[in-house]
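Geometric and topological summary
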Amino acid sequence: MDILKQILDPAARADPYRFFGALRESPVALQDDGTYLVSTYREIVALLHDPRISSDRRNLDSAAPYEPDLHPSFIGLDPPEHDRLRRLAMRHFGPPHAPETVERLRPKMLALTTSLIDALAGRNRADLVEEVAYPLPVAVICALLGVPEEDEPRFHALADEVVETLGPGEEDRAERERAREAASMELSRYLAGLAEARGREPRDDMLSGLMTYRGPEGGMTQDEVVSTAVLLLIAGHETTINLIANGMLTFLRRPELLERLRAEPDLIIPAVEELLRYEPPVQFVSSRVALDDITIGGTTIPAGAPVVLAMAAGSRDPGHVAHPDEFDLDRPRNEHLGFGGGVHYCFGAPLARTEAQIVLNELIRRLDNPRLAADPPPYRPSAVLRGPRHLVVEYDGVAPA
C-alpha cells in the first residue's frame, strides 16, 4: 500500500503522523489517480501564494468537467471573483468595516461555555465532543449568521455528510462528490429560505447584512449569499470542534502540560497556536488545480492536474521546524499551516482562535483531575478534517465558574 493510502486508511486515523516522514521524502509526488501530492512546508507555502494554482475545480483537465449544481462559494473561486465575494462577506465579520464582531461575541462565548461546563457537574464522566466542543461553536456561528439554533438537527446531519465526503485519493470519489453535492443542495435550500426572510425583514445578523448591503461594487446575489452561508455555517463549526477536541486530547495525554496551563492561563494563546501546528483540524487541502506547468520540488506539475496540499505534514516538516513531533509551548516562533495561507487564508481564523482559547482554558480550570476514559478515542471518518468522534473523560468534580 502506498503512503497516502496508508494515511487515508481509517485504521491510521488516530496517528497519521507516523507516515509523514516517508511522505516528505518526495516533496511533490504523483499519485495513481493523477493527483500531485505536496508534503513539505516550503513547497506548500510557495503553492499557496502561486497565482498559477487555482481553487476552482472547473479548471480540472478531465474528460468530464466538474460542473457543480451550486454557485461556488468564494473558497472555490480565484481572484478577482474570490476577492470581491470575500470582501463583501468580510464587511460584516471583521476589519476594516466590522473590527469588533468577534470581540462582541466573547461574553456570549464565555457564558455558553460556563453553562455547558456547569452541566457536567454532579457526575464524573462526560463526552467533551458531544457536550462542549460541538454545541459551543454551533451556537456561536448560528448567532453570527442569524440561523435559528433550534434548527440545528436540520443542518447537523447535512453538514456531517458534506464533511465526511471530503478527501483525496478515495476510489469512490465520484460517488462521494455526488453525495456531497446532494447534501450541499439540501442545505442550500434551507438557507435560501432564511436568506429570503432576512432580505424582507433584516435583523442584526450576518445573513441580513449579506442580503441587503449594496456598496460601490454592488452586493451579493441571493445565490452568492446562500453559497457563502453554506460555507460559513459548515466551516464555522466543523473545524473548531476538532480543534477543541484535539486540544483536550493533547493536554490530557500530558499531565505536566495540563498543570502548567492551569497555573499559567495566559499560555493558552501559544498553546492553541502549537495545537494548530501539532494537531491541526485541517490535514489536507484537496481542491487545488494547476493552471500552468509548474516546476517545484524537482517535479513538474502539468497544467490541469489536481493538486493536494498535505498541510499537517508541512507543519511538522523538520526542514522548517525543530523537533516537529514534540508539543512545545515555548517555541520562539511558530509559523504553521493550521489556517492555510495566501488569498485563501482561513476567513474565520479569529473566531476559531477565540473559541478554542476560551473553551480550553475553562475546561482546564474547572475540571478536577480529568483523565481519558479511552486512548485513542474513536475518530470521525474524514482524513481531511480530522478529529475525535467522541472524547470521553472522567473527573473528580467541577469547580465553580
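Reading the values: rules and limits
Residues numbered from 1 in each chain as written. Predicted model: local features only at pLDDT ≥ 70, side-chain atom pairs only at ≥ 80, totals over all residues. Heavy atoms only, no water. Pairing = 2+ DSSP bridges. Helix = DSSP H or I, 4+ residues; strand = E, 2+ residues; numbered from the N terminus. Phe/Tyr/Trp six-rings, centres within 6.5 Å; stacked < 30°, edge-to-face > 60°. Buried < 20%, exposed > 50% of the residue type's maximum accessible area, 1.4 Å probe, protein only. Lys NZ or Arg CZ within 6 Å of the ring centre and 35° of its normal. Polar contact = N/O pair within 3.5 Å; in protein donor to acceptor, adjacent residues only side chain to side chain. Arc of directions from axis to C-beta. Contact = heavy atoms within 4.5 Å. Salt bridge = Lys/Arg side-chain N within 4 Å of Asp/Glu carboxyl O. Axes fitted to C-alpha atoms, helices over the stretch in contact; angles between N-to-C directions. Left-handed = near helix turned anticlockwise from the far one by under 90°. Nonpolar A, V, L, I, M, F, W, Y, C, P; charged D, E, K, R; others polar.

In the nomenclature of an unreviewed UniProt entry, the chain is known as Cytochrome P450 of Nonomuraea rubra.

Further remarks concern the sheet that holds strand β4 (residues 125-127). Strand order in the open sheet formed by three strands is β4-β11-β10, and the pairing between neighbours is antiparallel. Looking along the sheet, the strands with just one partner apiece sit at the ends: β4 and β10 (371-372). As paired elements, β4 and strand β11 (residues 392-394) share three bridges and run antiparallel to each other. Paired with R125 across the two strands is E394, which belongs to β11.

Enumeration over the complete set of coordinates arrives at six aromatic pairs. A ring pair is formed by F251 and F327, whose centres lie 6.1 Å apart and whose planes are at 80 degrees; its orientation type is edge-to-face. Of the two residues, F251 sits in helix α11 (residues 222-252) while F327 sits in the loop between α14 (311-315) and α15 (349-366), which places them 76 residues apart along the sequence. An identical accessibility class is assigned to F251 and F327; each is buried. Every member of this aromatic cluster is reached through a ring pair, and the members are F74, F93 and F347. Positioned over the ring face of Y17 is R316, at 3.7 Å from the centre of the ring. Over the face of the ring belonging to Y278 we find R316, whose NZ or CZ atom lies 4.1 Å from the ring centre.

Our focus in this paragraph is the environment of S382. Checked against the element boundaries, S382 lands in the loop between β10 and β11. Spatially, the C-alpha atom of S382 lies 8.3 Å from that of P10, the residues being 372 residues apart in sequence. Here V384 takes part through its backbone nitrogen, which lies 3.1 Å from a polar atom of the side chain of S382.

Those residues of helix α12 (residues 255-263) that sit buried are L257, L258 and L261. Buried residues of α12, viewed axially, fall in a sector of 100 degrees; they line one side. What points out from α12, more than 90 degrees from its buried face, is the exposed set P255, E256 and A263. Buried residues along α12 sit in contact with α11, α13 (268-278) and α15.

Below, the discussion takes up the pattern of salt bridges. Inspection of the entire model under this criterion finds 26 salt bridges. The residue D32 makes a salt bridge to K5 at a minimum N-O spacing of 3.9 Å. Of the two residues, D32 is situated in the loop between β1 (28-30) and β2 (36-38) and K5 in helix α1 (residues 3-8); the sequence distance between them amounts to 27 residues. For D32, a relative accessible area of 72% gives the class exposed. For K5, a relative accessible area of 35% corresponds to the partly exposed category. With its nearest N and O atoms 2.6 Å apart, the salt bridge here joins R386 to E279. Here R386, found in the loop between β10 and β11, pairs with E279, found in the loop between α13 and β5 (285-290); they are 107 residues apart in sequence, far enough to count as distant. On the basis of relative accessible area, R386 is assigned to the buried category, the value being 1%. Classification of E279 as buried rests on a relative accessible area of 5%.

With that settled, consider the packing of helix α5 (residues 101-118) against α15. Contact geometry of α5 with α15 gives a least axis separation of 10 Å together with a crossing angle of 35 degrees. Where α5 crosses over α15, the two elements pack in a sense that is right-handed. Residues V102, L105, R106, M109, L110, T113, T114, I117 and D118 of α5 touch α15, and the partners they reach there are P350, L351, T354, E355, I358, V359, E362, L363 and R366. Of the residues belonging to the contact of α5 with α15, the class tally is 10 nonpolar, three polar and five charged.

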